[in-house]
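Results of the structural survey
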Amino acid sequence: MTQESILFLPTFFFTNQLFQMTSYRFYFLLSILLLTGCGQKPATDKASQATGNTIKVGTFAALTGGNAVQGQVMTDGVRLAIEEVNAAGGVLGRQIELLSEDTQTKSSDAATVAAKLITNDNVVALIGEHASSRSLAAAPIAQQSKIPMLSPSSTNEKVTEIGDYIFRVCFVDAFQGEVMAKFAANNLKAKKVVILKDVKSDYSVGLAAAFTKTFTAQGGVVLAEQAYGSGDKDYKAQLTSVRSLAPDVIFVPGYYAEVALIARQARELGITVPLIGCDAWDSSALVEVAGAAVDGCYYSNHVSYSDTAQTVQTFVAAYRKRFNMAPEVNSALGYDAGKIMAEAIRASGTAKPADIRAALAATKNFPGITGSITIDERRNAQ
């Protein structure tokens, strides 16, 4: 993904456009960057055409628990990609067999299911996890086992630092935090910011640090950092403190479930300034729970489904047809990860993990839904 391809969404999506959220619709504000119910899924999904000698690929995500919406749509994106590859004949004369596991939104389970997929199921590669904290738990298992792991959406920089078998297809937090800090300073004209971060999440902590670095370099002041933990329901104590500081903007680098409650409680306390955030806000569940509380709020994201590019609209149509719902951002990231993994298996010529790893590292200008993706020397997507 090019570094020009981050999006700002008031509460919906982002790649190359800036939107402001209103109660009933988004108003298009500014083109700033150029980027060129769902039914239950089975825990283990074998591609329908997988017969005989297959190539096993594991995917793992939160299919239950607090991040289940994002995990389910990510897995669906991977599934759609693999089904398309198999329908076209597979790779190396074989079908890809997709084995899916549920991390239950727990880091400990991410490590457990990664080990199961590698040791018991004998997968040649892993796709997951969507959350940085859980990727950080699983990555050492993959690295030690020398099984390539490709994360669709883990943006914490530490993820790929685990080792040379760990890759990602999304932008990193340093970039996302920098963009949101510049947006706060230059577009929202904010001088004073309070950060409300999830101290249980490596993703949230890393984003807060990246935002602070750039915002202060822009001449802004971070008045305070307030802490919460994943799964919390009551944020009124933190928000009362935030209100007393009178910030221009509140930066909330967290997941949609908590952000929805934070936004509602902030408005109940009379806080009217914009909340701004990150790609983990992206979920229809955010708007369903928060409603008008997220009017005038913004977040960064990887793709905009209003993009008229044929590749994007073809994907949207295929996803709707397959799953009877609109895709979310993790749908596209999962899809890109699935297609890149399939191409790496093809390019490996052997389907051996070491050769797949080498092919992933050599990925250049892959035409993804989220942008043209090149894997750099640190195994990050550019």
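Quantities reported herein were computed from a predicted structural model and do not represent experimental measurements.

What about the packing of aromatic side chains?
Considering all chains together, one arrives at eleven aromatic pairs under this definition. An angle of 45° between the planes, with centres 5.4 Å apart, marks the rings of Tyr203 and Tyr255 as tilted. One end of the pair, Tyr203, is in helix H6 (residues 202-217); the other, Tyr255, is in the loop between strand E11 (249-251) and helix H8 (256-268), and 52 residues separate them in sequence. Each member of the pair, Tyr203 together with Tyr255, is buried. Between Tyr228 and Tyr235, the aromatic rings sit 5.4 Å apart at their centres with planes inclined by 85°, giving edge-to-face as the arrangement. Aromatic ring contacts, followed pair by pair, group Tyr305, Phe315, Tyr319, Phe323 and Tyr335 into a single cluster. A cation sits over an aromatic face here: Arg357 above Tyr165, 5.8 Å from the ring centre.

Notes on the side chain of Asn67
Structurally, the position occupied by Asn67 is in the loop between strand E4 (55-61) and helix H1 (68-87). Under the relative-accessibility criterion, Asn67 is labelled buried at 7%.

Structural notes on helix H5 (residues 173-187)
In this model H5 runs 20 Å from its N-terminal to its C-terminal C-alpha over 15 residues, within 8% of the 21 Å that 1.5 Å per residue would give. Three or more residues of H5 are buried, namely Asp173, Phe175, Gln176, Gly177, Val179, Met180, Ala181, Phe183, Ala184 and Ala185. Looking one or two places after H5, you find Lys189, whose phi comes out positive at around 60°.

Some points on the layout of surface pockets
Taken as a whole, the second largest pocket encloses approximately 280 Å³ of empty space. Forming the walls of the second largest pocket are 17 residues, and the residues nearest its centre are Asn67, Thr105, Arg134, Asp198 and Ser230. Listed by contribution, the elements that provide at least two residues to the lining of the second largest pocket are helix H3 (132-145) and H8. Taken together, the residues that form the lining of the second largest pocket break down as four nonpolar, nine polar and four charged.

Things to note about the sheet that holds strand E7 (residues 149-151)
The parallel open sheet is built from five strands, whose spatial order is E5-E4-E6-E7-E8. Unpaired on one side and paired on the other, strand E5 (96-102) and strand E8 (166-168) mark the two borders of the sheet. Between one strand axis and the next, the sheet turns through 25° on average, direction left out of account. In terms of strand pairing, E4 meets E5 through seven bridges, oriented parallel. The residue of E5 that forms the bridge with Ile55 is Ile96. Where helix H11 (residues 329-348) meets the sheet, it contacts E4, E5, strand E6 (125-128) and E7, and its direction lies at approximately 165° from that of E6.

Considering empty space enclosed by the protein
In this structure, the largest cavity occupies an estimated 100 Å³ of space. Gln70, His130, Ala131, Ser132, Ser153, Tyr203, Tyr255, Asp279, Ala280, His302, Val329 and Asn330 together form the lining of the largest cavity. Taken together, the residues of the lining of the largest cavity sort by class into five nonpolar, six polar and one charged.

Regarding unusual backbone geometry
Glu129 follows Gly128 through a cis peptide bond whose omega is -20°. In this structure, Gln104 is a non-glycine residue whose phi angle is positive, near 55°. Position of Gln104 among the secondary structure elements: in the loop between E5 and helix H2 (107-119). Given the relative accessible area of 37%, Gln104 is considered partly exposed. In this model, Arg379 sits at a positive phi of 65°, which is unusual for a non-glycine residue. One can find Arg379 in the segment after strand E15 (371-373). Relative accessible area serves as the criterion here: at 15%, Arg379 is assigned to the buried category.

Quick word on a nonpolar patch on the surface
Residues Val221, Leu223 and Leu245 make up a contiguous nonpolar surface patch of roughly 200 Å² in combined accessible area. Within the fold, Leu245 resides in helix H7 (residues 236-245). Leu245 sits in the partly exposed class, given a relative accessible area of 31%.

The rules we used
- Here the residue numbering is sequential within each chain, running from 1 through the sequence in written order.
- It should be noted that, the model being predicted, local features are given only for residues of pLDDT at least 70 and side-chain atom pairs only at 80 or more, the latter also being counted only at that level, while totals for whole chains, interfaces and linings use all residues.
- Water and hydrogen atoms were dropped before computing side-chain values, which therefore reflect all heavy atoms in the structure.
- Here the aromatic set is Phe, Tyr and Trp, taking the six-membered ring for Trp, and pairing holds for ring centres within 6.5 Å; pairs whose planes are under 30 degrees apart are stacked, those over 60 apart are edge-to-face, and all others are tilted.
- To qualify as a helix, a DSSP run of H or I must reach at least 4 residues; to qualify as a strand, a run of E must reach at least 2; elements of each kind are numbered from the N terminus.
- Exposure categories follow from relative accessible area, calculated using a 1.4 Å probe and restricted to protein chains: below 20% of the type maximum is buried, above 50% is exposed, and the middle band is partly exposed.
- Geometrically, a lysine NZ or arginine CZ counts as sitting over a ring once it is within 6 Å of the ring centre and also within 35 degrees of the ring normal.
- One fewer than the residue count of a helix, multiplied by 1.5 Å, yields its expected span.
- Using a grid of 1 Å spacing that covers the protein atoms alone, one calls a set of points a cavity when a 1.4 Å probe fits there but cannot get out, and a pocket when the set is open and has protein on both sides within 12 Å along at least five of seven lines; lining residues are those with an atom within 4 Å of a point.
- Grid points are joined across faces, edges and corners, and a volume is the space filled by probe spheres set on the points.
- Residue polarity is assigned by list, with Asp, Glu, Lys and Arg as charged and Ala, Val, Leu, Ile, Met, Phe, Trp, Tyr, Cys and Pro as nonpolar; anything else, Gly included, falls into the polar class.
- Here, any two strands with at least 2 DSSP bridges between them count as paired.
- Helix axes are fitted to C-alpha atoms over the stretch in contact, other axes to C-alpha atoms as well, and angles between N-to-C directions run from 0 to 180 degrees.
- Any two residues having at least one pair of non-hydrogen atoms within 4.5 Å are treated as being in contact.
- The patch calculation keeps residues exceeding 30% relative accessible area without a salt bridge and links them within 9 Å when they carry like charges or within 5 Å when they are nonpolar (Val, Leu, Ile, Met, Phe, Trp, Tyr).
- Computed by Shrake-Rupley with a 1.4 Å probe, the accessible areas treat only the displayed protein chains as cover when residues are assessed.
- For this analysis, a salt bridge means a side-chain nitrogen from Lys or Arg found within 4 Å of a carboxyl oxygen belonging to Asp or Glu.

Spatial relationships are all this shows, so hold off on functional conclusions.
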